[in-house]
Amino acid sequence: MDKSEFLIKFIKFSGWVEITAGIMFFLVDPFMQIMGIPNFFFWNWFAGVMMFFMGVLLLYSGKDVEKYKIIPVVSIIFRFTMVVVAIITVIIEPRFLFVAFVSIYDFFSALLTLILLKQCGYFK
């Protein structure tokens, strides 16, 4: 499998991960209650909907990465930004340490996507 083919498969995989994570956000409220963290369900649902549709867009961009390159680029920026947000969150509220572990995936998947886009010539 060459890099271009792997990039397409990885973008689609990332789309499915985002869709799955988005659905899981709808179910996070009981876990927040168990951990004793105040929560308002709107934020979980908001994040879930956002992640779900980011995943749908990533899946769609896999059809023609050149034409829809902006979608993985925005996803990269989003995921790098969320790593910063996760670090700040853990500093403010240490009970969210699990968020730091999730953001390890965000960081490395965004970095891998960025490297693959560059190596495959999508940034000219």
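What counts and what doesn't
Residues numbered from 1 in each chain as written. Predicted model: local features only at pLDDT ≥ 70, side-chain atom pairs only at ≥ 80, totals over all residues. Heavy atoms only, no water. Salt bridge = Lys/Arg side-chain N within 4 Å of Asp/Glu carboxyl O. Buried < 20%, exposed > 50% of the residue type's maximum accessible area, 1.4 Å probe, protein only. Phe/Tyr/Trp six-rings, centres within 6.5 Å; stacked < 30°, edge-to-face > 60°. Axes fitted to C-alpha atoms, helices over the stretch in contact; angles between N-to-C directions. Helix = DSSP H or I, 4+ residues; strand = E, 2+ residues; numbered from the N terminus. Parallel < 35°, antiparallel > 145°, perpendicular 65-115°, else oblique. Left-handed = near helix turned anticlockwise from the far one by under 90°. Contact = heavy atoms within 4.5 Å. Nonpolar A, V, L, I, M, F, W, Y, C, P; charged D, E, K, R; others polar. Expected span 1.5 Å × (residues − 1). Core = buried A, V, L, I, M, F, W, Y, C linked by side-chain atoms within 4.5 Å. Polar contact = N/O pair within 3.5 Å; in protein donor to acceptor, adjacent residues only side chain to side chain.

Peer 1: Honestly, the pattern of salt bridges in this entry has me stumped. Any pointers?
Peer 2: Once their charged atoms are close, side chains differing in charge can pair, the charge on each being opposite to the other. Across all of its chains, the model carries 1 salt bridge by this definition. Residue R95 is joined to E93 by a salt bridge in which the shortest nitrogen-to-oxygen separation is 2.8 Å. R95 gets classed as partly exposed once you look at its relative accessible area, which sits at 38%.

Peer 1: Explain the packing of aromatic side chains here, please?
Peer 2: Between two aromatic rings, the relevant description is the distance of the centres plus the angle of the planes. Under the defined criterion, the tally for this structure stands at 9 aromatic pairs. Taken together through their ring pairs, the aromatic side chains of F6, F10 and F13 make up a single cluster.

Peer 1: Please explain the packing of helix α4 (residues 70-92) against helix α5 (residues 97-119) as it appears in this structure.
Peer 2: Two measures define how a pair of helices packs: the angle their axes make with one another and the distance between the axes. Where α4 meets α5, the closest approach of the two axes is 8 Å, and the angle between their N-to-C directions is 155 degrees. One finds that α4 runs roughly antiparallel with respect to α5. α5 is crossed by α4, and the crossing has left-handed handedness. Residues P72, V73, I76, R79, F80, M82, V83, A86 and V90 of α4 form the contact with α5, whose participating residues are L97, V99, A100, S103, D106, F107, S109, A110, L111, T113, L114 and L117. Its residues assigned to classes, the contact of α4 with α5 comprises 16 nonpolar, 3 polar and 2 charged.

Peer 1: Explain helix α1 (residues 3-25) to me, please; I cannot follow it from the model alone.
Peer 2: Within an α-helix, residues lying three or four positions from one another point in the same direction, as the helix has 3.6 residues per turn. Along its 23 residues, α1 runs 32 Å from first to last C-alpha, staying within 8% of the 33 Å computed at 1.5 Å per residue. Those residues of α1 not exposed but buried are L7, F10, I11, S14, G15, E18, I19, A21 and G22. Those residues of α1 hidden inside the fold are in contact with α3 (41-61), α4 and α5.

Peer 1: What is the right way to look at the nonpolar core in this model?
Peer 2: Within soluble globular proteins, side chains that are nonpolar generally end up buried alongside one another. Counting residues in each nonpolar core, the largest one holds 11 residues, listed as L7, I11, M54, L58, V65, I71, I76, A110, L116, L117 and Y122. Mapped by element, the contributors of at least two residues to this core are α1, α3, α4 and α5. Ranked by residue count, the leading element in this core is α5, at 3 residues. With near-sequence residues (within four places) excluded, A110 lies in contact with I76, R79 and F80.

Peer 1: Quick question: what am I supposed to make of the side chain of S103 here?
Peer 2: Considering the arrangement of structural elements, one finds S103 in helix α5. Reaching out from S103, the side chain makes a polar contact with the backbone oxygen of A100 at a distance of 2.9 Å.

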